[in-house]
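# Close look at the chain arrangement
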Amino acid sequence: MKKMVITCALTGAETTKKDNQNLPITPEEIADSAYEAFIAGASIIHLHVRDNDGNPTQDINVFKKTIGLIRKKCDVIIEITTGGAVGMTPEERLGPIILEPEMASLDCGTINFGNEYILNTLPIMRKFASTMKKYKVRPTFECFDLSHIYSSHLLIKEGLIDPPYHYGLVMNAPAGVKYNIENLDFFVKRIFPDSFWTVLGIGGKASLESHFGAIALGGFIRVGFEDNVYYAKGELAKSNAQLVERAVRISKEAGYELTDPADVRKLLNLH
Ligand code: ZN
């Protein structure tokens, strides 16, 4: 039976309570939301944290506290962000890797994000990749663009990352590549051979459509408030778990068996 891995991106850096009052912000809220998403069927939690004012932070202590609270509740896999937020330095973004999470995102190129950008030169990416290797963290190559996919090939060929490889194909970010099945297929055909991939559709329409794209092309699904705060057009989601539950239903109807964290630890050889 085909296996489906569901990642839930609980909070992100840009979303606020004004977008959806159900957004988890504090370490306690994030841990509760992680647990609910895990119970609903997510194997991986993609983690950003916020400071006391609700602003994105890469503060190691806030990550440590949040991860501790999640660990008290469940053994869901934690993928921390190293994309951080607009305006953060690379050193700031990479900081929490010393906590040795099982997974982390690794942006594979400079990203236009609406009016802003997040800088990722090749030297920055090499530093991120080698640091993740040192701390035995499995990177998710976040690719917003075709050039990012080819940059990931360079990092692999330079021996900075060991297999198995996992991609996060990000589509429909503001000023980014639109989500549609042709674009997704084009990306999937160019990732490093024999890699796993998850599609990240940004915004309600792209997020839901990308579930079907993942199913059609043999990838994994990501949901959550970081990518989309709506359940349907004009209807805000009640929780991250509600979005996970729908992805689970769709996957099962399509004949997929849902993974648990133990399956994914084996599949991606996590430490
Ligand atoms: Zn993120």
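Scroll up to find the structure.
Model, not experiment: these values are computed from the prediction. (Residues numbered from 1 in each chain as written. Predicted model: local features only at pLDDT ≥ 70, side-chain atom pairs only at ≥ 80, totals over all residues. Heavy atoms only, no water.)

## Some words on the overall build of the chain
Broken down by element type, the chain carries 9 helices and 16 strands. For 271 residues, the compact-globule formula gives about 18 Å, and the C-alpha radius of gyration of the chain, at 17 Å, lands near that figure. With the principal axes as the frame, the chain shows a C-alpha extent of 45 × 40 × 40 Å. Counting the 271 residues in the chain, one finds 56% classified as buried. Partitioning the contacts of the chain with sequence separation of at least 6, the portion at a separation of at least 24 is 71%. Of the roughly 11,700 Å² of accessible surface on the chain, a fraction of 53% belongs to carbon and sulfur atoms. (Helix = DSSP H or I, 4+ residues; strand = E, 2+ residues; numbered from the N terminus. Rg over C-alpha atoms; globule rule 2.2 N^0.38 Å. Buried < 20%, exposed > 50% of the residue type's maximum accessible area, 1.4 Å probe, protein only. Contact = heavy atoms within 4.5 Å. Areas by Shrake-Rupley, 256 points an atom, 1.4 Å probe, with all protein chains shown as cover.)

## Quick notes on the coordination of the zinc ion
Within the first shell, the zinc ion binds the protein through His46 (NE2), His48 (NE2), Glu226 (OE) and Glu226 (OE), at distances of 2.0 to 2.7 Å. Coordination at the zinc ion comes from 4 donor atoms whose angles at the metal span 52 to 128 degrees, giving a geometry best classed as irregular. Counting the intervening residues between successive donors of the zinc ion yields the motif H-x1-H-x177-E. Taken together, the residues His46 in strand 3 (residues 44-47) and Glu226 in the loop between strand 13 (220-223) and strand 14 (230-232) connect sequence positions 180 residues apart. (Donors = N, O, S within 2.8 Å, 3.2 Å for Na, K, Ca; no water. Tetrahedral: all angles 85-135°; square planar, octahedral: opposite > 155°, others 65-115°.)

## Regarding the packing of aromatic side chains
Inspection of every chain in the model, using the stated rule, returns 5 aromatic pairs. Both rings, one in Tyr35 and one in Phe38, keep their centres 6.5 Å apart while their planes meet at 35 degrees; by these two values the pair is tilted. Of this pair, Tyr35 and Phe38 are both found in helix 1 (residues 27-40), 3 residues apart, which corresponds to roughly one turn of the helix. Judged by relative accessible area, which is 33%, Tyr35 ranks as partly exposed. Consider the rings of Phe141 and Tyr167, whose centres lie 5.0 Å apart with planes at 55 degrees: the pair is tilted. Taken together, the residues span a long stretch of sequence, with Phe141 in strand 10 (residues 138-143) and Tyr167 in strand 11 (residues 166-171) at a distance of 26 residues. Overall, Phe141 belongs to the buried group, its relative accessible area being 1%. A connected cluster of aromatic rings, assembled from ring pairs, spans Phe141, Tyr165, Tyr167 and Phe192. Positioned above the aromatic ring of Phe186, the side-chain terminus of Arg190 is 3.6 Å from the ring centre. We note Arg246 situated over the ring of Tyr231; from NZ or CZ to the ring centre the distance is 4.1 Å. (Phe/Tyr/Trp six-rings, centres within 6.5 Å; stacked < 30°, edge-to-face > 60°. Lys NZ or Arg CZ within 6 Å of the ring centre and 35° of its normal.)

## Remarks on the sheet that holds strand 3
On the basis of which strands lie adjacent, the closed barrel formed by 8 strands has the order 2-3-6-7-10-11-12-13 and parallel pairing. With direction set aside, neighbouring strand axes in the sheet form an average angle of 25 degrees. Alignment of strand 10 against strand 11, held across 4 bridges, turns out to be parallel. Directly across from Cys143, in strand 11, lies its bridge partner Leu169. Across the sheet, helix 7 (residues 204-217) lies against strand 12 (196-201) and strand 13, angled at about 160 degrees from strand 12, the strand it touches most. (Pairing = 2+ DSSP bridges. Axes fitted to C-alpha atoms, helices over the stretch in contact; angles between N-to-C directions.)

## Observations concerning the state of the cysteines
Overall, the coordinates contain 0 disulfides when judged by the stated rule. Free of any disulfide, Cys74 has its nearest neighbouring cysteine sulfur in Cys8, separated by 12 Å. Looking at Cys74, the relative accessible area reads 7%, which means it is buried. Of the cysteine sulfurs around Cys143, a residue in no disulfide, the closest is that of Cys108, at 4.3 Å. (Disulfide = S-S within 2.5 Å.)

## Overview of the pairing of strand 13
Here strand 13 shows two buried faces, one formed by Phe220 and Arg222 and the other by Ile221 and Val223. Relative to strand 13, strand 2 (residues 6-9) is paired through 3 bridges, and the arrangement is parallel. Bridge pairing in strand 13 places Ile6 opposite Ile221. Judged from the 2 bridges that link them, strand 12 and strand 13 form a sheet pairing that is parallel.

## Observations regarding the pattern of salt bridges
One pass over the full model with this rule turns up 14 salt bridges. Of the charged contacts in the structure, one is a salt bridge between Arg222 and Glu142, with a shortest N-O distance of 3.8 Å. Taken together, the positions of Arg222 in strand 13 and Glu142 in strand 10 put the pair 80 residues apart, joining distant regions of the chain. Here the residues in one salt-bridge network are Arg71, Asp75, Glu102 and Arg265, joined through shared partners. (Salt bridge = Lys/Arg side-chain N within 4 Å of Asp/Glu carboxyl O.)

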